[in-house]
Amino acid sequence: MFIPTRAAGLDALDDFVPRAGGAYARDRNHDLGPSRSNVSGLSPYLRHRLLTEQEVVAAVLEDHTPGAAEKFVQEVFWRTYWKGWLEQNEEVWRRYRLEVRDLLAGELPDGYEAAVAGRTGIDAMDAWVRELVDTGYLHNHTRMWFASIWVFTLGLPWQLGADFFYRHLLDGDAASNTLSWRWVAGLQTKGKTYLATASNISRFTDGRFSPGGLADTARALDEEPLPPRTPLEPDDVVGSVGDRAGLLLHEEDLEARSLLAERPGLLGEVAATAVHGDPGQRSPDGASSVVEAFTSGALADAAERTRDASGRAAQTLADAEPGCVVGWALSEELDTVVVPYAPVGPVHERLAQLRPALGAEGISLVTVRRRWDAVAWPHASRGFFPFREKIPGLVRQL
Ligand SMILES: Cc1cc2nc3c(=O)[nH]c(=O)nc-3n(C[C@H](O)[C@H](O)[C@H](O)COP(=O)(O)OP(=O)(O)OC[C@H]3O[C@@H](n4cnc5c(N)ncnc54)[C@H](O)[C@@H]3O)c2cc1C
């Protein structure tokens, strides 16, 4: 269903643009089954930045007025908002990682294995598990129902539900996924939960599902208070570029051309290019084969599109371990490895290990943050509604 190339993403964008206005605002909440045209299906492309948020919003606004496209543009900015929020509240990610690790290592809660095998006896849940596992995608409304039933009807830990999604979603994203699950459970907007009801599910699935026996109340979960938020890194480029720099792409950002176009002269000549990734780092239980295949396809596509100064295609590194990157950098005689900034999540953790490993060989790691993130993230310090007010100004600026 999803072809992991930038060209396929651009085709999907072209195809969707005419429907991104009033039709999207009216129909987007309906989930009428896997072949859907009321939403864009662009998330696997945006997640890896095979397409950028900037070009998706620009293409839509070429065809529609800002008023007509308001809803769609806001949805794209939800992704940006979640990422900017997590960036300033990394403790939420740290706790999530530890809690998933401990939950999976301990005795699994009753009902967990039946839930992830699609054997709850709730027909909708079991069908959604199959769809998620087979295709790597679920509609947004369905994700909300699923998370709500998981937490409030099945009484399972939200962290294990988030982990199950993260392992299977092609668009699996540390910020959007973790924070959406927290939002459903009443942790993200303190005390405000999302309760799935049979009538809402029936209405928006056109009667395909109307599950009985769902919880009729949703009491918000509780947690230890979070520490104060941490300030964002003020600089877009962190580190200094030496005389012989190589560019290393990773699964958070696979579009080098537009990234480098924002920083003319930063690299001088690109001496060498490489791509690396490891979706297995999403969870102690790894990632599904569907996610593995999509990610390696996306990396191969990026490798083919990304050339160094002499026209060589990027090398796809055998693994994402620091030693492998260091070996590549040494073999290319680099003094600098430049990477797109990786927001809070597994790749961020990986780069934190890579920096000292490169440093030990006298090679510096330089991160480059996109203008989109730099301009929008500072507004993501509170709730979405104050952020939403800023969207028209952000769109003009970006
Ligand atoms: C429990 C739960 C888990 C989720 N996990 C993820 C995840 O891991 N990765 C992910 O990208 N999205 C996640 N979402 C958000 C949303 O469901 C998907 O982005 C959306 O369904 C993708 O389909 P689409 O591209 O057809 O969306 P469209 O409706 O066409 O929206 C266009 C783009 O806007 C962004 N977007 C839309 N809705 C949201 C939203 N609510 N939050 C953040 N971004 C949004 C996506 O990048 C999407 O591609 C989650 C939502 C819930 C409720």
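As the structure is a computational prediction, the values presented were derived from the model and not from experiment. (Residues numbered from 1 in each chain as written. Predicted model: local features only at pLDDT ≥ 70, side-chain atom pairs only at ≥ 80, totals over all residues. Heavy atoms only, no water.)

Let's talk about the pairing of strand β6 (residues 364-368)
Burial runs high along β6: four of the five residues are buried. Direction of pairing for strand β1 (residues 237-238) relative to β6: antiparallel, over a ladder of two bridges. Note that in β6 the partner of Val238 across the bridge is Thr367. When strand β5 (residues 336-340) meets β6, the two strands line up parallel, connected through five bridges. Along β6, the bridge assignment pairs Val339 with Thr367. A crossover connection joins β5 to the parallel β6 through helix α16 (residues 346-359); in handedness this β-α-β unit is right-handed. (Buried < 20%, exposed > 50% of the residue type's maximum accessible area, 1.4 Å probe, protein only. Helix = DSSP H or I, 4+ residues; strand = E, 2+ residues; numbered from the N terminus. Pairing = 2+ DSSP bridges. Right-handed = clockwise from strand over helix to strand, strands pointing away.)

Quick look at the sheet that holds β6
Spatially, six strands are ordered β1-β6-β5-β2-β3-β4 in an open sheet, and the strand pairing comes out mixed. Lying at the two open borders of the sheet, with one neighbouring strand each, are β1 and β4 (315-316). Contacts between helix α15 (residues 322-331) and the sheet are confined to β2 (245-249), β3 (270-275), β4 and β5, with β2 contributing the most and set at about 150° to the helix. (Contact = heavy atoms within 4.5 Å. Axes fitted to C-alpha atoms, helices over the stretch in contact; angles between N-to-C directions.)

Section: the side chain of Thr205
Along the chain, Thr205 falls in the loop between α12 (198-204) and β1. Here Phe209 takes part through its backbone nitrogen, which lies 3.3 Å from a polar atom of the side chain of Thr205. Each residue touching Thr205, except ones within four places of it in the same chain, is listed here: Asp31, Leu32 and Trp145. (Polar contact = N/O pair within 3.5 Å; in protein donor to acceptor, adjacent residues only side chain to side chain.)

Some remarks on the domain arrangement of the chain
The domains assigned to the chain are domain 1 (6-85 + 376-397), domain 2 (93-204) and domain 3 (237-368). Taking only C-alpha atoms into account, the centre of domain 1 sits 27 Å from that of domain 3. On the domain 3 side, the residues contacting the ten residues of domain 1 number 15 residues. On the domain 1 side of the interface with domain 3, the three residues burying the most area are Arg6, Arg47 and His48, jointly 49% of the side's total. The tally of links from domain 1 across to domain 3 stands at two salt bridges. In this structure, the salt-bridge partner of Arg47 is Glu252, at a minimum N-O distance of 3.1 Å. Here domain 1 is connected to domain 3 by six residue pairs in polar contact (both at pLDDT 80 or more). Looking at the side of domain 1 that touches domain 3, the element that brings in the most residues is helix α3 (residues 43-47), giving three residues. Of the residues in the side of domain 1 that touches domain 3, the class split is four nonpolar, two polar and four charged. (Domains from an automatic or database assignment. Buried area = accessible area lost by both parts, 1.4 Å probe. Salt bridge = Lys/Arg side-chain N within 4 Å of Asp/Glu carboxyl O. Nonpolar A, V, L, I, M, F, W, Y, C, P; charged D, E, K, R; others polar.)

What about the site of the ligand?
Residues in close proximity to the ligand total 27 residues, the closest being Tyr24, Ser40, Gly41, Asn140 and Asp171. In the environment of the ligand, an oxygen atom lies 3.1 Å from a nitrogen or oxygen atom belonging to the backbone of Leu42. With six residues, helix α5 (residues 70-87) is the largest single contributor of residues to the shell around the ligand. Its residues placed into classes, the shell around the ligand shows 14 nonpolar, eight polar and five charged. Counting only domains with at least three residues in the shell around the ligand, you end up with domain 1 (6-85 + 376-397) and domain 2 (93-204). (Near = heavy atom within 4 Å.)

Some words on the pairing of β5
Successive residues of a regular strand alternate their side chains across the two faces of the sheet. Buried residues dominate β5, accounting for five of its five residues. Here β5 shows no split at all, with Thr336, Val338 and Pro340 on one side and Val337 and Val339 on the other all buried. Direction of pairing for β2 relative to β5: parallel, over a ladder of three bridges. Among the inter-strand pairings, Leu247 is bridged to a residue of β5, identified as Val338.

A closer look at unusual backbone geometry
For Arg49, which is not glycine, the phi dihedral falls at a positive 50°. Here Arg49 falls in the buried class, since its relative accessible area comes to 6%.

Section: the environment of Leu226
The residue Leu226 is located in the loop between α12 and β1 in this model. Classification of Leu226 as partly exposed rests on a relative accessible area of 29%. When the C-alpha atoms of Leu226 and Thr367 are compared, they prove to be 28 Å apart, with 141 residues separating the residues in sequence. Discounting chain neighbours no more than four positions away, the residues touching Leu226 are Trp85, Glu91, Val92, Arg95 and Arg182.

A short note on the environment of Leu169
With respect to the helices, strands and loops of the structure, Leu169 is situated in the loop between α10 (158-168) and α11 (174-185). Put simply, Leu169 and Leu13 are 156 residues apart on the chain and 20 Å apart in space, counted from C-alpha to C-alpha.

A word on the environment of Trp158
Inspection of the secondary structure puts Trp158 in helix α10. For the pair Trp158 and Arg182, spaced 24 residues apart in the sequence, the C-alpha separation amounts to 7.4 Å. Those residues in contact with Trp158 that sit more than four places away from it in its chain are Tyr96, Glu99, Trp150, Val151, Thr178, Trp181, Arg182, Ala185, Leu187 and Leu221.

Digging into the side chain of Ser283
Along the polypeptide, Ser283 turns up in the loop between β3 and α14 (289-305). Residue Ser283 is classed as buried on the basis of its relative accessible area, which comes to 6%. Discounting residues that sit within four places of it in the chain, Ser283 has contacts with Arg97, Leu104, Asp163 and Arg167.

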